[in-house]
Amino acid sequence: MIIRHAAKCDLPAITDIYNDAVANTTAIWNETLVDQANRLNWLSDHQIAGLPVLVAVDDEDNVLGYATFGPWRAWEGYRHTVEHSVYVHKNGRRKGVGRALMLALLEQARILGKHVMIAGIESQNEGSIRLHEALGFEITGHCKQVGCKFGRWLDLTFMQINLDGRELPE
């Protein structure tokens, strides 16, 4: 498996992975499928902002999953904190793809001088919570019934990891 920055040629696979998560999981609390034009705008926005979009690919350059992060909140005081997203193709789950993407994303956040990474995880997604714990994230909050999908309320678990040892922001 190779982790690299996403390119325009990856958009069909990224779109398929995203839409599968929308249609079949609670990983994304969105119910609207997107097209490749939407993902192109999304990729362009990330690139313009200097934010990474990484893909995990196999030896034949097939996209196994993708990961990114963006601002956690819009106000300047939060500029050192990011929230990430990681999505793995349905055939690639539980094979180390998510972990590899997470490790690469953590490194990208450190390179960009970020201090904290936040994870917002649907509370019943025990696999994701355990993966984050194994990577050093800690549970910092639990919000009950703040979302809904598939006709039920969803709880949100917040986790975070400090990316560096800075005592004061620069």
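Up top is the structure these notes are about.
We now turn to the structure provided with this report.

Conventions adopted
Residues numbered from 1 in each chain as written. Predicted model: local features only at pLDDT ≥ 70, side-chain atom pairs only at ≥ 80, totals over all residues. Heavy atoms only, no water. Core = buried A, V, L, I, M, F, W, Y, C linked by side-chain atoms within 4.5 Å. Buried < 20%, exposed > 50% of the residue type's maximum accessible area, 1.4 Å probe, protein only. Helix = DSSP H or I, 4+ residues; strand = E, 2+ residues; numbered from the N terminus. Contact = heavy atoms within 4.5 Å. Pairing = 2+ DSSP bridges. Axes fitted to C-alpha atoms, helices over the stretch in contact; angles between N-to-C directions. Salt bridge = Lys/Arg side-chain N within 4 Å of Asp/Glu carboxyl O. Disulfide = S-S within 2.5 Å.

So, the nonpolar core
Counting 22 residues, the largest nonpolar core has Phe69, Leu106, Met117 and Phe137 as the members making the most contacts within it. Only strand 2 (53–57), strand 3 (63–71), strand 4 (81–88), helix 3 (97–111), strand 5 (116–122) and strand 7 (152–162) provide two or more residues apiece to this core. Here this core gets 6 residues from one element, more than from any other, and that element is helix 3. With residues near it in sequence (within four places) discarded, Met117 still touches Phe69, Val82, His84, Met102, Leu105, Leu106, Ala109, Phe137, Met159, Gln160, Ile161 and Leu163. Core analysis: the next-biggest nonpolar cluster, separate from the first, contains 17 residues, Ala6, Ile14, Trp42 and Val57 among them.

Focus on the sheet that holds strand 5
Across the sheet, 7 strands lie side by side as 1-2-3-4-5-7-6; this open sheet has mixed pairing. Bordering the open sheet on either side are strand 1 (2–5) and strand 6 (138–149), each of which pairs with just one other strand. Adjacent strand axes in the sheet meet at a mean angle of 25 degrees when their direction is disregarded. The sheet contact formed by strand 2 and strand 3 spans 5 bridges and is antiparallel. Considered in strand 3, the bridge of Leu54 is made with Ala67. Helix-sheet contacts for helix 1 (residues 11–24) involve strand 2, strand 3, strand 4 and strand 6, and the interaxial angle to strand 3 is about 80 degrees.

Quick look at the pattern of salt bridges
Pairing between side chains of opposite charge can happen when the charged atoms of each approach one another. Counting across every chain of the model gives 5 salt bridges. With a closest N to O distance of 3.1 Å, Arg4 and Asp61 form a salt bridge. With Arg4 in strand 1 and Asp61 in the loop between strand 2 and strand 3, the pair connects residues that are 57 residues apart, well separated along the chain. Residue class for Asp61 comes out partly exposed when judged on its relative accessible area of 40%. Arg166 serves as the salt-bridge partner of Asp164, at 2.7 Å between the closest nitrogen and oxygen. One salt-bridge network, held together by shared partners, links Arg4, Asp10 and Asp61.

Quick word on the state of the cysteines
Summed over all chains, the structure comprises 0 disulfides. Not part of a disulfide, Cys143 finds its nearest cysteine sulfur in Cys148, a span of 15 Å.

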